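Listed here are the chains, written in short residue letters.
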Amino acid sequence: MLAPEVPMSHSVAGEPSSAGRRAAPLTTAVYSAAEWDLLTSLPGRVIVAAAAPGTGRPRRTVAAGLAGLDAVAAGRAFDSDLVRAVVVAIYARHDGAGEPVDRLTDVVDLLAACRAATRVLRRRADPADSAAYRQWVQSVAARVCGVATTGAPALPPAPADRRFLDRLGVALGLR
C-alpha cells in the first residue's frame, strides 16, 4: 500500500529525466494518502463515466475503454513528474482496491471528485504539474468518447459527449 504521504515533482524511482524532457523542478508538495488516492483513482473513474451510455450518449464498445486505458498509459511519456507518478501508482495497484462500479459511473460524483482534485492540485502541486494532470485526465475522457484518436482524424463528438467533456473541463478548471 501507499505510505501516508507521497512527495511529488521528482521521479518516483529517483532516476534522472529521460533525454528530451525538461527536468521538473523539485517541490516540497506532499499529498496525504486520501489526496493521493483521489488523484490516482480519478483517471479510472473518468474512463468508466465516459464509457457509460447515457441520455443522448452512444453505447461504447470495449475499444473505447481500451482507448481510455491507452490514454492513461500515455501519461508515462508526459513531461510532468506528477502525471508519471500517478501512472506508476495506477499500474502498481493490484489489490483490487477501489470504489464499487455503481458509484464510479455517477457523473455528479465524478465531477465533484474532479473539483476536489483541482483544489488539491492548486494547493499542493507545481502549476505545470497541475495543468498537465488536469489536461491528461481530460484527454483520457476525450479518447474514450472518440474525440482524440492517434493517427486518424477525430470524429465530431455526439452532442451529449460534448456536454460531458465540457462539464468535465469546467470541473477540472480547464474552461
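Draft legend 1. Summary view of the packing of helix α5 (residues 107-124) against helix α7 (residues 159-171). Where α5 meets α7, the closest approach of the two axes is 8 Å, and the angle between their N-to-C directions is 30 degrees. Taken together, the axes of α5 and α7 lie roughly parallel to each other. Residues Val107, Leu110, Leu111, Cys114, Arg115 and Thr118 of α5 touch α7, and the partners they reach there are Phe164, Arg167, Leu168 and Ala171. Partitioned by chemical class, the residues of the contact of α5 with α7 number 7 nonpolar, 1 polar and 2 charged.

Draft legend 2. View of the nonpolar core. Ranked by size, the top nonpolar core spans 39 residues in total, and within it Leu42, Tyr133 and Trp136 carry the most contacts. Among the elements of the structure, α1 (33-51), α2 (62-74), α3 (81-92), α5, α6 (127-144) and α7 are those that each provide at least two residues to this core. With residues near it in sequence (within four places) discarded, tyrosine 133 still touches Leu38, Leu39, Leu42, Pro43, Leu82, Val83, Val86 and Leu121.

Draft legend 3. Looking closely at α2. Compared with an ideal rise of 1.5 Å per residue, which puts 13 residues at 18 Å, α2 spans 18 Å between its outermost C-alpha atoms and is within 8% of the ideal. All of the buried residues along α2 are Ala64, Gly65, Ala67, Gly68, Ala71, Val72 and Ala73. Elements that come into contact with the buried residues of α2 comprise α1, α3 and α6.

Draft legend 4. Structural context of the pattern of salt bridges. A complete count under the given rule lists 6 salt bridges for this structure. For arginine 124, the salt bridge identified is with glutamate 35, shortest N-O distance 2.9 Å. Here glutamate 35 lies in helix α1 and arginine 124 lies in helix α5, a separation of 89 residues in the sequence. On the accessibility criterion, arginine 124 (33% relative accessible area) is partly exposed.

Draft legend 5. The packing of aromatic side chains, seen in detail. Taken as a whole, this structure holds 3 aromatic pairs when the rule is applied. Aromatic pair tyrosine 31 and tryptophan 36: ring centres 6.0 Å apart, planes at 40 degrees, arrangement tilted. On the accessibility criterion, tyrosine 31 (1% relative accessible area) is buried. Looking at tryptophan 36, the relative accessible area reads 3%, which means it is buried. For the ring pair phenylalanine 78 and tryptophan 136, a centre distance of 6.5 Å and an interplane angle of 65 degrees mean the geometry is edge-to-face.

Definitions and limits used
- Residues numbered from 1 in each chain as written.
- Predicted model: local features only at pLDDT ≥ 70, side-chain atom pairs only at ≥ 80, totals over all residues.
- Heavy atoms only, no water.
- Axes fitted to C-alpha atoms, helices over the stretch in contact; angles between N-to-C directions.
- Helix = DSSP H or I, 4+ residues; strand = E, 2+ residues; numbered from the N terminus.
- Parallel < 35°, antiparallel > 145°, perpendicular 65-115°, else oblique.
- Contact = heavy atoms within 4.5 Å.
- Nonpolar A, V, L, I, M, F, W, Y, C, P; charged D, E, K, R; others polar.
- Core = buried A, V, L, I, M, F, W, Y, C linked by side-chain atoms within 4.5 Å.
- Buried < 20%, exposed > 50% of the residue type's maximum accessible area, 1.4 Å probe, protein only.
- Expected span 1.5 Å × (residues − 1).
- Salt bridge = Lys/Arg side-chain N within 4 Å of Asp/Glu carboxyl O.
- Phe/Tyr/Trp six-rings, centres within 6.5 Å; stacked < 30°, edge-to-face > 60°.

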